[in-house]
Amino acid sequence: MADSKSIKAMKMYQHVDRVYKELKMMGYKDDGPLKAEDLWTFDHWHMLGTHTLDLLIRKLKLDSTHDVLDAGSGLGGTSRYLAYRTGCRALAVEMQPDVHAVAETLTRRSGLADHVEHAMGDMAELKLVNRQFDVAIAIMMLVHVGLNRKKVIENIAM
């Protein structure tokens, strides 16, 4: 069991169910298909916005040949956005179970499950054996990992 002061014991994001309320207000049914672009206004929990992701796409020349690791992916918005815009494949890693579950659901409902895979785990401990990535993204995640920052960076660089 995680120590109460560890990152694993911390619930970083509250009210994850607000996503479903937003979708209902937009007219979506509980579990039907949805447009990925309709998620962009609220599925990115970083402050950078999609314009910064467009800049990232241009600077890194991301396209359908790239594999992206999205560490600390939250609702998976960054992974879905990159996959939708470029056709790249992404692995979105989130450690909070309820957030991870919503992220998987949104990816499935938006039709991007062929491009975005979700994994739940702590980036300081997760072993991505036999996986190689062209790009690793850790938007906001490194701010939250505290003393594990070095271990997380080493794990991403493997």
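See the structure above.
Participant: In this structure, what is going on with the overall build of the protein chain? I would like to understand it.
Facilitator: Along its length, the protein chain carries 7 helices and 4 strands. Along the protein chain, from the amino end to the carboxyl end, the secondary structure elements read α-α-α-β-α-β-α-β-β-α-α. Pairs at least 24 residues apart make up 71% of the contacts formed inside the protein chain by residues separated by at least 6 positions. Just so you have it, the protein chain exposes about 9,100 Å², and 55% of that area is on carbon and sulfur atoms.

Participant: Would you mind going over the pairing of strand S1 (residues 67–71) with me for this structure?
Facilitator: Taken residue by residue, a regular strand's side chains alternate between the two faces of the sheet. With 4 of 5 residues buried, S1 lies mostly within the body of the structure. With 5 bridges joining them, S1 and strand S2 (residues 89–94) adopt parallel strand pairing. The partner of aspartate 70 across the bridge, within S2, is alanine 92. For the crossover that starts at S1, traverses helix H4 (residues 77–86) and ends in the parallel S2, the hand is right-handed. Of the pairings in the sheet, the one linking S1 to strand S4 (residues 135–137) comprises 3 bridges and is parallel in character. The partner of valine 68 across the bridge, within S4, is valine 135.

Participant: Quick question: what am I supposed to make of the nonpolar core here?
Facilitator: Most often, soluble globular proteins have nonpolar side chains that are buried together. Counting residues in hydrophobic clusters, the biggest one holds 12 residues: Trp40, Leu53, Ile57, Leu62, Val68, Tyr81, Leu82, Cys88, Ala90, Val135, Ile137 and Ile139. If we skip the residues at most four places from it in the chain, valine 135 touches Leu60, Leu62, Asp67, Val68 and Leu69. By size, the runner-up hydrophobic cluster in this structure holds 11 residues, among which are Val16, Leu39, Val99 and Leu106.

Participant: What is the right way to look at the sheet that holds S2 in this model?
Facilitator: The pairing of strands in a sheet comes from backbone hydrogen bonds and takes either a parallel or an antiparallel form. The 4 strands are arranged S3-S2-S1-S4 in an open sheet whose pairing can be described as parallel. Only two strands of the sheet have a single partner each, and these edge strands are strand S3 (116–120) and S4. For this sheet the average axis-to-axis angle between neighbouring strands, irrespective of direction, equals 20°. Across the sheet, H4 touches S1, S2, S3 and S4, and the angle it forms with S3 is around 165°.

Participant: When you look at the side chain of threonine 105 in this model, what are you seeing that I'm missing?
Facilitator: Within the fold, threonine 105 resides in helix H5 (residues 97–109). In this structure, threonine 105 is in contact with Tyr20 and Asp31, ignoring residues within four places of it in sequence.

Participant: Is there a simple way to think about the side chain of histidine 100 in this case?
Facilitator: Tracing the backbone through its elements, the reader meets histidine 100 in helix H5. Given the relative accessible area of 11%, histidine 100 is considered buried. Not counting the four nearest positions on each side in its chain, histidine 100 is found in contact with Glu94, His118, Ala119 and Met120.

Participant: Before we go on, may I ask you to explain the environment of leucine 53 in this structure?
Facilitator: When you line up the elements, leucine 53 lands in helix H3 (residues 49–60). Separated by 25 residues in the primary sequence, leucine 53 and threonine 78 place their C-alpha atoms 7.6 Å from one another.

Reading the values: rules and limits
Residues numbered from 1 in each chain as written. Predicted model: local features only at pLDDT ≥ 70, side-chain atom pairs only at ≥ 80, totals over all residues. Heavy atoms only, no water. Helix = DSSP H or I, 4+ residues; strand = E, 2+ residues; numbered from the N terminus. Contact = heavy atoms within 4.5 Å. Areas by Shrake-Rupley, 256 points an atom, 1.4 Å probe, with all protein chains shown as cover. Buried < 20%, exposed > 50% of the residue type's maximum accessible area, 1.4 Å probe, protein only. Pairing = 2+ DSSP bridges. Right-handed = clockwise from strand over helix to strand, strands pointing away. Core = buried A, V, L, I, M, F, W, Y, C linked by side-chain atoms within 4.5 Å. Axes fitted to C-alpha atoms, helices over the stretch in contact; angles between N-to-C directions.

The values reported here are purely geometric and, on their own, carry no functional implication.
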